[in-house]
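Each chain, written out:
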Amino acid sequence: MTEPDGMTRWWRQRIPWGDIVVEVGPAGVRAISLPTTPVDEYVSRPRCDRGIAGQLDEYFAGRRMTFSIAVDLPSTLSELQRRILLTVRDVPYGETVTYGEVADMVGRPRAARAVGSTMAKNPVPFLIPCHRVVAANGIGGYGGGYGDGVAFKRALLDLEAGGRPTR
């Protein structure tokens with residue numbers, strides 16, 4: 001997962017909607033950028049982890065429903081944020097839950113806004129499938145304000161629906 005010196009490594013990886021950047025440290029994947037996130041600061045291309053890259057490729061090709069990839073969540077997360085992210089990680093492929101339902105699942109029924117805020121800052125989208133969390137009255141937002149995040153969220157939900165369009 002890491003270079004011989006134990007340092008973080010990263011790579012740019014093509015997906016159907018552009019490039020993502022995957023960052024891996026000694027304990028697992030630390031970050032994945034959304035394809036609309038600027039990645040100009042990455043000027044070299046270290047070797048990628050073929051296992052992680054392969055699982056991501058399989059997911060985006062519609063051939064993988066779950067990941068067996070270690071995730072290294074930041075130590076700066078609050079206990080509630082960590083519980084929210086770990087709960088969302090278990091939302092099954094092709095299914096959705098609302099922000100309010102996630103709040104209920106973590107034992108904080110009035111914390112739907114905290115769920116939304118945590119989803120907007122999810123460091124490892126796809127591995128923690130924040131695109132599967134929707135608003136009670138529609139799809140909700142996606143991408144923390146980058147590009148047309150709602151269209152991308154809908155495309156991911158369509159992928160998981162086997163090509164059947166989402167509403």
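Worth saying up front: this structure is predicted, and the values here are computed from it rather than measured.

How each quantity is defined
Residues numbered from 1 in each chain as written. Predicted model: local features only at pLDDT ≥ 70, side-chain atom pairs only at ≥ 80, totals over all residues. Heavy atoms only, no water. Helix = DSSP H or I, 4+ residues; strand = E, 2+ residues; numbered from the N terminus. Buried < 20%, exposed > 50% of the residue type's maximum accessible area, 1.4 Å probe, protein only. Contact = heavy atoms within 4.5 Å. Areas by Shrake-Rupley, 256 points an atom, 1.4 Å probe, with all protein chains shown as cover. Arc of directions from axis to C-beta. Salt bridge = Lys/Arg side-chain N within 4 Å of Asp/Glu carboxyl O.

**Student:** Give me the lowdown on the overall build of the protein, citing residues and values where you can.
**Tutor:** Looking only at helices and strands, the protein features five helices and five strands. Each helix and strand of the protein, ordered N terminal to C terminal, gives the series β-β-β-α-α-β-α-α-β-α. Scored against the burial criterion, the 167 residues of the protein give a buried share of 46%. Sequence separation of at least 24 residues holds for 57% of the intrachain contacts in the protein that already meet a minimum separation of 6. Carbon and sulfur atoms make up 50% of the accessible area of the protein, which amounts to about 8,900 Å² in all.

**Student:** Describe unusual backbone geometry, naming the residues involved and giving the relevant values.
**Tutor:** Even without being glycine, phenylalanine 126 reaches a positive phi, approximately 80 degrees. Inspection of the secondary structure puts phenylalanine 126 in the loop between α4 (112-120) and β5 (133-134). Classification of phenylalanine 126 as buried rests on a relative accessible area of 1%.

**Student:** Could you give me a rundown of helix α2 (residues 79-89), with the residues and numbers involved?
**Tutor:** Of the residues making up α2, those classed as buried are Leu80, Ile84, Leu85, Thr87 and Val88. The arc that holds the buried residues of α2, viewed along the axis, is 160 degrees, so those residues lie on one side. Residues of α2 that are buried sit in contact with α3 (99-105), α4 and β5.

**Student:** Can you break down the pattern of salt bridges residue by residue, with the values?
**Tutor:** For the structure on display, the rule yields six salt bridges. Measuring nitrogen to oxygen at the nearest pair gives 3.1 Å for the salt bridge that ties arginine 14 to aspartate 19. Looking at arginine 14, the relative accessible area reads 59%, which means it is exposed. Accessibility expressed as a relative area gives 18% for aspartate 19, which makes it buried. With its nearest N and O atoms 2.8 Å apart, the salt bridge here joins arginine 64 to glutamate 58.

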